[in-house]
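Breakdown of the fold
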Amino acid sequence: MSKRGWPHVDDPVSVGRRLKEARQAAGMSQRELSFPGCTAVYICRIERGDRVPSLQVLRELARRVGISEEYLAMGSEALDETDPLVDADVALRLSQFELAEHLYTQALEGTTDRLQRARALGGLGEIDFHAGRLDDAVERLEEARALLAGSIAGYPGIVDSLARVYWLRDEYEVAIAVLEEALGLARSRGDEQAETRFAVLLANILIDSGSFPSARELLGKTLVKTGKVTDPIVQAQLYWSQSRLHSAENHPEVALRYARMALASIELTDHTAYAARAHHLLAYIELERGNAAEALELLERGYPLAVSSGGAEARGLFRLEKARALAELGRDEDALALAIEVADELAEAQPEQAGRAYAVAADVFVRTGEPARALELYERSVELVSERHPDFVREVYGKMAELLEADGRKDEALELLKRAVGLQSQVPQGQA
């Protein structure tokens, strides 16, 4: 190809190679990198060296992957000279959290630039989130969000982590507000990839908060808007959310079908974090269907993925479901030890999950003939699980009432049953 006609780049093949390297370092797919006027197909052609982007497109591509337009165009700058946070971003995406934390901290201490500070704080907040340090994560991510202001939608990792932290802390209204703001900004920018990502995460939080009709409407609109999506991760996100919605609405067969579709899409990529989530969801559905052996197999296959993706949250959830599966299979000693270990470990960072783990342990004590110990753990369970989840709390109250009645404590049993009935009237809209 003659150089005439593309004086703003050194060589199309080199531009393509640099773009692909920077995109992969940023953890983005071609579809996630695309924007109006630059489709995923066009990006694929640029990376193959078949197309030369205009200067305007080149600038936007460079901004999105976090390198300078000079480096992308001419290769004249080293990555670390172009952007002091590139190495930190790469380390974070590769789950090299200790190195990433050192580099982000170093960058934060050495700059007064508003954008650089925001990105460094956002990276440190994401590391805190992965490590389960939720309070530290909120503080840093909120500061990054404030610094980025109206440009926050261009940094979906920060939005994603912040919403998930609030989600884990059972602060659904705050998580929803964060995502609705980012979703509106993404729409105004015409950034369909960020819009899809925020919409799917918002739908999941709506599901957990019991707002099933709102989640169903949002997912439906997102599916229509994305059309025949080809990015496997976007497909998996949508299928995963559909599966969670159908599972919450007690349609296990439909949920199972969507979960398998999600896993099939993820297996086309090397995205371990999404693969771990898909295995966890499939295991949960199999447990709900009474297939504990199948669930245990899925959990054992998926747990190494959760470990390699570096998410403390995912590791805790896997072990909780494994304790449930072991209990269903009659392996009481193993189930009890694991459930207590998980509950004690998660009590501070993830109290709701800790409460569910205590309930698993209490179920084991019921079967082994230790009702007093079971009652003690059921009480700890309902203290930790928010009454936003009335179905779970109501079920635990019912189990406690049975134990109390068997012990001759009928008045206490009746009081618990009254409280359970009272929860029925508090079911969030769409969950009844």
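In this section: the overall build of the protein. Scanning the protein from N- to C-terminus turns up 24 helices and 0 strands. Taken against the 2.2 N^0.38 rule, which gives 22 Å for 432 residues, the C-alpha radius of gyration of the protein at 24 Å falls within 12% of a compact globule. Dimensions along the principal axes, computed over C-alpha positions, put the protein at roughly 90 × 45 × 35 Å. Here the protein holds 432 residues, and the buried ones make up 50% of them.

A word on helix H15 (residues 232-248). Between its terminal C-alpha atoms H15 stretches 24 Å, which fits the 24 Å expected from 17 residues at 1.5 Å a residue. For H15, a buried count of 15 out of 17 residues is recorded, marking the element as mostly surrounded by other parts of the structure. Just downstream of H15 lies Asn-250, where phi reads positive at about 60°.

All told, the structure shown has 2 aromatic pairs when counted by the stated rule. Their ring planes at 40° and their centres at 6.3 Å tell us that Tyr-239 and Tyr-258 sit as a pair that is tilted. Here the residue Tyr-239 occupies a position in helix H15, and Tyr-258 occupies one in helix H16 (residues 252-266), the gap between them amounting to 19 residues. According to the relative accessible area criterion, Tyr-239 is partly exposed, its value standing at 21%. When the centroid spacing of 6.2 Å and the interplanar angle of 65° are considered together, the rings of Tyr-303 and Phe-318 count as edge-to-face.

In terms of nonpolar packing, the biggest core is built from 64 residues, with Tyr-378, Val-393, Tyr-397 and Met-400 touching the most fellow members. If you look at the next biggest cluster of nonpolar residues, it comprises 57 residues, including Val-159, Trp-167, Phe-198 and Val-234.

Further remarks concern the confidence of the model for the protein. Per-chain confidence: the protein averages 83 in pLDDT, with 90% of residues scoring 70 or above. Mean pLDDT across the elements of the protein bottoms out in helix H6 (residues 79-82) (45) and peaks in helix H22 (residues 371-384) (92). The model gives residues 1-6 a pLDDT under 50, and that stretch makes 9 contacts with residues more than four places away or in other chains. Of the regions scoring below 50 in pLDDT, residues 77-81 engages in 8 contacts with residues more than four places distant in sequence or in other chains.

Below, the discussion takes up the environment of Gln-56. Its location among the elements puts Gln-56 in helix H4 (residues 55-65). As for Gln-56 and Glu-171, which are separated by 115 residues in sequence, their C-alpha atoms are 41 Å apart.

Turning to the pattern of salt bridges, a few remarks are in order. Overall, the coordinates contain 35 salt bridges when judged by the stated rule. Here Glu-288 and Arg-324 are joined by a salt bridge, their closest N and O atoms 2.9 Å apart. Here Arg-324 lies in helix H19 (residues 312-328) and Glu-288 lies in helix H17 (residues 272-288), a separation of 36 residues in the sequence. Its relative accessible area of 47% is what places Glu-288 among the partly exposed residues.

With that settled, consider unusual backbone geometry. Note on backbone geometry: most residues besides glycine have negative phi, and most peptide bonds are trans. Residues other than glycine seldom take positive phi values, yet Asn-250 does so here, at roughly 60°. As for its placement among the helices and strands, Asn-250 is situated in the loop between H15 and H16.

Conventions adopted
Residues numbered from 1 in each chain as written. Predicted model: local features only at pLDDT ≥ 70, side-chain atom pairs only at ≥ 80, totals over all residues. Heavy atoms only, no water. Helix = DSSP H or I, 4+ residues; strand = E, 2+ residues; numbered from the N terminus. Rg over C-alpha atoms; globule rule 2.2 N^0.38 Å. Buried < 20%, exposed > 50% of the residue type's maximum accessible area, 1.4 Å probe, protein only. Expected span 1.5 Å × (residues − 1). Phe/Tyr/Trp six-rings, centres within 6.5 Å; stacked < 30°, edge-to-face > 60°. Core = buried A, V, L, I, M, F, W, Y, C linked by side-chain atoms within 4.5 Å. pLDDT = per-residue confidence, 0-100. Contact = heavy atoms within 4.5 Å. Salt bridge = Lys/Arg side-chain N within 4 Å of Asp/Glu carboxyl O.

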